[in-house]
Amino acid sequence: GEDVEQSLFLSVREGDSSVINCTYTDSSSTYLYWYKQEPGAGLQLLTYIFSNMDMKQDQRLTVLLNKKDKHLSLRIADTQTGDSAIYFCAESGGSNYQLIWGAGTKLIIKP
Amino acid sequence: DTAVSQTPKYLVTQMGNDKSIKCEQNLGHDTMYWYKQDSKKFLKIMFSYNNKELIINETVPNRFSPKSPDKAHLNLHINSLELGDSAVYFCASSHGWQDTGELFFGEGSRLTVL
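First, a word on what this report is: a plain description of the structure on this page. (Residues numbered from 1 in each chain as written. Chains lettered and ligands numbered in written order. Predicted model: local features only at pLDDT ≥ 70, side-chain atom pairs only at ≥ 80, totals over all residues. Heavy atoms only, no water.)

### Section: the interface of chain A and chain B
Accessible area lost when the parts come together is the quantity often used to give the size of an interface. On the chain B side, the residues contacting the 16 residues of chain A number 22 residues. Taking both partners together, chain A and chain B bury about 1,600 Å²; carbon and sulfur atoms supply 58% of that area. Of all residues in chain A, Y97, Q98 and W101 of chain A give up the largest surface area on contact with chain B, accounting jointly for 35% of the area buried on that side. At the surface where chain A touches chain B, the tally comes to 3 residue pairs in polar contact (both at pLDDT 80 or more). Elements represented by at least two residues in the side of chain A that touches chain B include exactly strand 4 (31–37), strand 5 (43–50) and strand 9 (85–91) of chain A. In terms of residue count, the dominant contributor to the side of chain A that touches chain B is strand 4 of chain A (3 residues). Residue composition of the side of chain A that touches chain B, grouped by class: 11 nonpolar, 5 polar and no charged. (Contact = heavy atoms within 4.5 Å. Buried area = accessible area lost by both parts, 1.4 Å probe. Polar contact = N/O pair within 3.5 Å; in protein donor to acceptor, adjacent residues only side chain to side chain. Helix = DSSP H or I, 4+ residues; strand = E, 2+ residues; numbered from the N terminus. Nonpolar A, V, L, I, M, F, W, Y, C, P; charged D, E, K, R; others polar.)

### Here's the deal with the sheet that holds strand 7 (residues 61–66) of chain A
Residues and elements named next belong to chain A. Spatial strand order, 1-3-8-7-6: 5 strands in an open sheet with antiparallel pairing. Where the open sheet ends on each side, the last strands, each with one partner, are strand 1 (4–6) and strand 6 (55–58). Strand-to-strand twist in this sheet, taken as the mean axis angle between neighbours without regard to direction, amounts to 15°. Here 6 bridges tie strand 3 (residues 18–24) to strand 8 (residues 71–76), and the two strands are oriented antiparallel to one another. Directly across from V19, in strand 8, lies its bridge partner R75. (Pairing = 2+ DSSP bridges. Axes fitted to C-alpha atoms, helices over the stretch in contact; angles between N-to-C directions.)

### Focus on the layout of surface pockets
Estimates place the volume of the largest pocket at around 510 Å³. Lining the largest pocket are 27 residues; nearest its centre among them are Q37 and I86 of chain A together with Q37, S39 and K41 of chain B. Those elements that provide at least two residues to the lining of the largest pocket are strand 9 and strand 11 (105–110) of chain A together with strand 9 (87–94) and strand 11 (109–113) of chain B. (1 Å grid on protein atoms, 1.4 Å probe; cavity = no way out; pocket = protein on both sides within 12 Å on 5 of 7 lines; lining within 4 Å. Points joined across faces, edges and corners; volume = space filled by probe spheres on them.)

### Digging into the environment of L32 of chain A
All names here are of chain A. Turning to its location among the elements, L32 is positioned in strand 4. It is 5.6 Å that separates the C-alpha atoms of L32 and Y48, two residues lying 16 residues apart in sequence. The residues touching L32, leaving out its near neighbours within four places in the chain, are Y24, Y48, I49, L65, L72, A90 and E91.

### As for unusual backbone geometry
With an omega of 0°, the peptide bond running from T7 of chain B to P8 of chain B counts as cis. Structurally, P8 of chain B can be placed in the loop between strand 1 (4–7) and strand 2 (10–13). Of note, the phi angle at K70 of chain A is positive, near 55°, even though the residue is not glycine. Within the element layout of this structure, K70 of chain A appears in the loop between strand 7 and strand 8. When its relative accessible area of 26% is taken as the criterion, K70 of chain A is described as partly exposed. (Buried < 20%, exposed > 50% of the residue type's maximum accessible area, 1.4 Å probe, protein only.)

So this is what it looks like as structure tokens:
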């Protein structure tokens, strides 16, 4: 069945760039998403990319999509303490249009 | 104004009890969901309703019963609570059932079963 995989943790220094990676199996996905979950809160849609795009940039966020390798990444430039959260990758390949979710990557910021 | 609100935020109860979690959205969306997030943060869809009609019913024990009195509300009732039901339950909504990528989540209801 469809699957989305992410590393569970990423630790970066404040001010550095963070790169969170995700791989997926369903090549028919139309959209791929990044959601952010801050401690004690619900998930918020951060950004998404259409499957016919290679890159999308939005201020400090850059999403790269490699369809051939089924690899999605989220780069956060100049990482701040407010970026501490769990980042979920999801793809729209499930039945009934449901999202297939990764397990989430916890981003830890070191001072 | 909170877009998707769920109550209660915390719920502590004994095994065997019955409890409910309520959810309301003021976004005018047609589709609402219940998700379960376990202690490892893994997210699993439980139910989805579109205009009060059930469209997704994943392999969830039938002790869990969703109810949608109107398209702005989706409540979750759980009978005979078990230890394994301890989790954070998230309500979410989207414009329509084909817009499932753009979800708006509530803040979660943390259920602890003792």
